[in-house]
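Per-entry structural report
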Amino acid sequence: MKLGDFLAAPSGVRQAATRPIKIRVVGKDSSGGDVVADARAEIGFVSEHGRQEALRDADRDLRAIYKDEVPSEDRRTDERRYHILHRVLRDADDSREPLAGSVRELKNALVIREASRVWDEYVQFMGEEFPDVVDDETFERLVE
């Protein structure tokens, strides 16, 4: 069987898992004052192709910001995480849709501490959905 055959077989596919998450977001009200809200979202998967696109886009954005300077490794990590999170965070009401319309919108809404917490949740989710070693018991649980 080819890869596409597995994905097309009715008995072998299921809706991809997502995990609900609450996120504290920041913004501005109509008078320009700072506001904070608790948002609902879903954490979903991003393909390896999508992840690589996110990393490429993050590096491109950093080149535009820093021009001839070299950004710190921390700054590069932050930018890459925001770009991946933009693809990972889904609308809680329709997980086919992204939570934020752009990486810029997401960066404006998430302080770095909250972005780090959400990143940790994503890493945990991926570890649970795609464990390094799957024993028979875990395999049966994942199939269910």
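Report follows, based on the coordinates. The structure displayed is predicted, hence computed values, not measured ones.

On to the overall build of the chain. In terms of helices and strands, the chain carries six helices and four strands. Along its sequence from the N terminus, the chain presents helices and strands in the succession α-β-β-α-α-β-β-α-α-α. Taking the intrachain contacts of the chain between residues at least 6 apart in sequence as the baseline, contacts between residues at least 24 apart amount to 58%. In the structure as shown, the chain presents an accessible area of about 10,200 Å², 50% of it carried by carbon and sulfur atoms. Where the 24 positive side-chain charges of the chain centre and where its 32 negative ones centre are 5 Å apart.

Once that is clear, we can look at helix α2 (residues 48-66). Residues spaced three or four apart along an α-helix point in a common direction, a consequence of the helix completing one turn every 3.6 residues. The end-to-end C-alpha distance of α2 is 27 Å, a good match for the 27 Å that 19 residues give at a rise of 1.5 Å each. Within the sequence span of α2, burial applies to Gly50, Ala54, Leu55, Asp57, Ala58, Asp59 and Leu62. Packed against the buried residues of α2 are α3 (73-88). Just beyond α2, the residue with positive phi is Lys67, at close to 50 degrees.

Turning to a negative patch on the surface, a few remarks are in order. A cluster of acidic side chains, namely Asp135, Asp136, Glu137 and Glu140, defines a negative patch on the protein surface. Turning to its location among the elements, Glu137 is positioned in helix α6 (residues 136-143).

Here we come to the nonpolar core. One finds Ile84 and Leu89 to be the most contacted residues of the largest nonpolar core, which totals 22 residues. Listed by contribution, the elements that provide at least two residues to this core are β1 (19-28), β2 (34-43), α2, α3, α4 (103-109) and α5 (112-129). With five residues, α5 is the largest single contributor of residues to this core. Excluding residues within four positions of it along the chain, Leu89 makes contact with Ile21, Ile23, Ala41, Glu42, Ile43, Pro98, Leu99, Leu106 and Val118.

Another aspect to go through is a nonpolar patch on the surface. A contiguous nonpolar patch, built from Val26, Val36 and Val111 and spanning about 220 Å² of accessible area, is present on the exposed surface. Within the secondary structure, Val26 sits in strand β1.

Across the interface, α3 lies against α5 with an axial gap of 10 Å and an inter-helix angle of 60 degrees. Considering the angle they form, α3 stands oblique to α5. Like other packed secondary-structure pairs, α3 and α5 cross with a definite hand, here left-handed. Two secondary-structure elements touch here, α3 through Asp78, Arg81, Tyr82, Ile84, Leu85 and Val88 and α5 through Ile112, Ala115, Ser116, Val118, Trp119 and Tyr122.

So, about the packing of aromatic side chains. On inspection of all chains with the given rule, the structure shows three aromatic pairs. Ring plane angle 55 degrees and centroid distance 5.6 Å describe the contact between Trp119 and Tyr122, whose orientation is recorded as tilted. Here Trp119 and its partner Tyr122 are both found in helix α5, three residues apart, which amounts to about one turn of the helix. According to the relative accessible area criterion, Trp119 is buried, its value standing at 15%. Here a set of aromatic residues connected by ring pairs shows up, and it is made of Phe45, Phe125 and Phe130.

Packing of α2 against α3 leaves a shortest axis separation of 8 Å and a crossing angle of 135 degrees. When the axis of α2 is compared with that of α3, the two are oblique. Where α2 crosses over α3, the two elements pack in a sense that is right-handed. The residues of α3 that touch α2, namely those facing Gly50, Arg51, Glu53, Ala54, Leu55, Asp57, Ala58, Asp59, Asp61, Leu62, Ile65 and Tyr66, are Arg75, Arg76, Glu79, Arg80, His83, Ile84 and Arg87.

Definitions and limits used
- Residues numbered from 1 in each chain as written.
- Predicted model: local features only at pLDDT ≥ 70, side-chain atom pairs only at ≥ 80, totals over all residues.
- Heavy atoms only, no water.
- Helix = DSSP H or I, 4+ residues; strand = E, 2+ residues; numbered from the N terminus.
- Contact = heavy atoms within 4.5 Å.
- Areas by Shrake-Rupley, 256 points an atom, 1.4 Å probe, with all protein chains shown as cover.
- Lys, Arg positive; Asp, Glu negative; His and termini not counted.
- Charge placed at Lys NZ, Arg CZ, Asp CG, Glu CD.
- Expected span 1.5 Å × (residues − 1).
- Buried < 20%, exposed > 50% of the residue type's maximum accessible area, 1.4 Å probe, protein only.
- Patch = residues over 30% accessible without salt bridge, like charges linked within 9 Å, V, L, I, M, F, W, Y side chains within 5 Å.
- Salt bridge = Lys/Arg side-chain N within 4 Å of Asp/Glu carboxyl O.
- Core = buried A, V, L, I, M, F, W, Y, C linked by side-chain atoms within 4.5 Å.
- Axes fitted to C-alpha atoms, helices over the stretch in contact; angles between N-to-C directions.
- Parallel < 35°, antiparallel > 145°, perpendicular 65-115°, else oblique.
- Left-handed = near helix turned anticlockwise from the far one by under 90°.
- Phe/Tyr/Trp six-rings, centres within 6.5 Å; stacked < 30°, edge-to-face > 60°.

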